[in-house]
Amino acid sequence: MEKERKRLMEEEWNSMIPTGHQLSRAHFPPDFLFGVATSAYQIEGAANEGGRGPSIWDAFSRKEGKIKDGKNGDIAIDQYHRYKEDVDLIAKLGFGADRFSISWSRIYPDGLGTQVNKEGIMYYNNLINYLLERGIEPCVTLYHWDLPLHLDESMGGWLSDSIVQVFVFCPFPQS
């Protein structure tokens, strides 16, 4: 079953490219923006550093049997400490954009905006500034499925109508 599915996917992909041709940048409009994409939980690590509060992913990944091999994002690829290496690699590979997400729990540890985590703000400012320094356009995702755990436990997360008000009206921190 899996082999057949893979074969069909490859067949479909290969049908999009004329025989004997390789896909290259020349196949795209000149102003097409090539980039990379990540999510905070999957790459940042530093789950218990820099004032970050726990997220729903922290809790989920610790539940027996939910994640293969019991792995979690506590360290991930440690971009929190190694963002310059990651950005240098993005530049070396010739990409012009980095779509990354901001961890709500890193900016507002309780999720409510009652306390702004200055270390979290500094991390994202440093990341954005270094991307710009290297000529890479930052493209920010404000939410990528890492809700602060407090909001899930106290109001039921996205199942509650109240959460929309918290997300929309959480004060945006100024640096």
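Just above sits the structure.
Residues numbered from 1 in each chain as written. Predicted model: local features only at pLDDT ≥ 70, side-chain atom pairs only at ≥ 80, totals over all residues. Heavy atoms only, no water.

Participant: Would you mind going over the overall build of the protein with me for this structure?
Facilitator: A tally of helices and strands in the protein yields 8 helices and 3 strands. Counting from the amino terminus, helix and strand elements in the protein follow one another as α-β-α-α-α-β-α-α-β-α-α. For the protein, the C-alpha atoms occupy an extent of roughly 60 × 45 × 30 Å along the three principal directions. The burial tally for the protein puts 34% of its 175 residues in the buried class. Long-range contacts, defined as pairs at least 24 residues apart, comprise 75% of the intrachain contacts of the protein with a sequence gap of at least 6. Surface accessibility of the protein: about 11600 Å² in total, with carbon and sulfur atoms responsible for 56%. When the 18 positive and 25 negative side-chain charges of the protein are each reduced to one mean point, those points stand 5 Å apart. (Helix = DSSP H or I, 4+ residues; strand = E, 2+ residues; numbered from the N terminus. Buried < 20%, exposed > 50% of the residue type's maximum accessible area, 1.4 Å probe, protein only. Contact = heavy atoms within 4.5 Å. Areas by Shrake-Rupley, 256 points an atom, 1.4 Å probe, with all protein chains shown as cover. Lys, Arg positive; Asp, Glu negative; His and termini not counted. Charge placed at Lys NZ, Arg CZ, Asp CG, Glu CD.)

Participant: I would appreciate a short explanation of the sheet that holds strand S3 (residues 137-141) in the present structure.
Facilitator: Within a beta sheet, neighbouring strands are joined by backbone hydrogen bonds and run either parallel or antiparallel to one another. Pairing is parallel in the open sheet, where 3 strands are placed in the order S1-S2-S3. The open sheet has two free edges, formed respectively by strand S1 (35-37) and S3, since each of these has just one partner strand. Neighbouring strand axes in the sheet, compared pairwise and without regard to direction, differ in orientation by 20° on average. With 5 bridges joining them, strand S2 (residues 97-101) and S3 adopt parallel strand pairing. Along S3, the bridge assignment pairs Asp98 with Pro138. Strand contacts of helix H6 (residues 118-133): S2 and S3, with the helix running at about 170° to S2, the strand carrying the most contacts. (Pairing = 2+ DSSP bridges. Axes fitted to C-alpha atoms, helices over the stretch in contact; angles between N-to-C directions.)

Participant: Whenever I open this one, the pattern of salt bridges confuses me. Can you help?
Facilitator: Opposite charge on two side chains permits pairing when their charged atoms draw close. For the structure shown, the criterion picks out 7 salt bridges. In this structure, Glu11 engages Arg7 in a salt bridge whose closest nitrogen and oxygen atoms are separated by 2.8 Å. Residue Glu11 and its partner Arg7 are located together in helix H1 (residues 2-15), separated by 4 residues, close to a single helical turn. Three or more residues are tied together by salt bridges with common partners; here these are Glu4, Arg7 and Glu11. (Salt bridge = Lys/Arg side-chain N within 4 Å of Asp/Glu carboxyl O.)

Participant: How should the packing of helix H4 (residues 79-92) against H6 be read in this particular structure?
Facilitator: Two numbers describe a pair of packed helices, the interaxial angle and the distance between the axes. Where H4 contacts H6, the two axes come as close as 10 Å, and the packing angle between them is 5°. The angle between H4 and H6 places the two elements in the roughly parallel class. Across the interface between the two elements, Gln79, Tyr80, Tyr83, Lys84, Val87 and Asp88 from H4 touch Glu119, Tyr123, Asn126, Leu127, Tyr130 and Leu131 from H6. (Parallel < 35°, antiparallel > 145°, perpendicular 65-115°, else oblique.)

Participant: It is not clear to me how the packing of aromatic side chains should be interpreted in this structure. Could you clarify?
Facilitator: Aromatic ring pairs are described here by two measures, namely the spacing of the ring centres and the angle between the planes. On inspection of all chains with the given rule, the structure shows 16 aromatic pairs. Each ring, one from Tyr83 and one from Tyr123, has its centre 6.2 Å from the other, and the planes form 85°; the classification is edge-to-face. Residue Tyr83 is located in helix H4, and its partner Tyr123 is located in helix H6; the two are separated by 40 residues in the primary sequence. For the pair Tyr83 and Tyr123, a shared accessibility class is recorded, and that class is buried. Here Tyr83 and Tyr130 contribute two aromatic rings whose centre-to-centre distance is 6.3 Å and whose plane-to-plane angle is 80°, an arrangement assigned as edge-to-face. (Phe/Tyr/Trp six-rings, centres within 6.5 Å; stacked < 30°, edge-to-face > 60°.)

Participant: In this structure, what is going on with the side chain of Arg52? I would like to understand it.
Facilitator: By the secondary structure assignment, Arg52 is in the loop between helix H2 (40-43) and helix H3 (56-61). Judged by relative accessible area, Arg52 falls into the buried class, the value being 11%. Apart from residues lying up to four places away in sequence, Arg52 is in contact with Tyr41, Ala46, Ala47, Asp58, Ser103, Ser105, Arg106 and Asn117.

Participant: Where do I start with unusual backbone geometry in this structure?
Facilitator: Residues apart from glycine generally show negative phi values, whereas peptide bonds are mostly found in trans. One non-glycine residue, Asp69, lies in the positive phi region at around 65°. With respect to the secondary-structure elements, Asp69 resides in the loop between H3 and H4. Given a relative accessible area of 61%, Asp69 falls into the exposed group. A positive phi angle, close to 65°, is found at Trp145, a residue other than glycine.

Remember, this is a structural readout, not a statement about activity or role.
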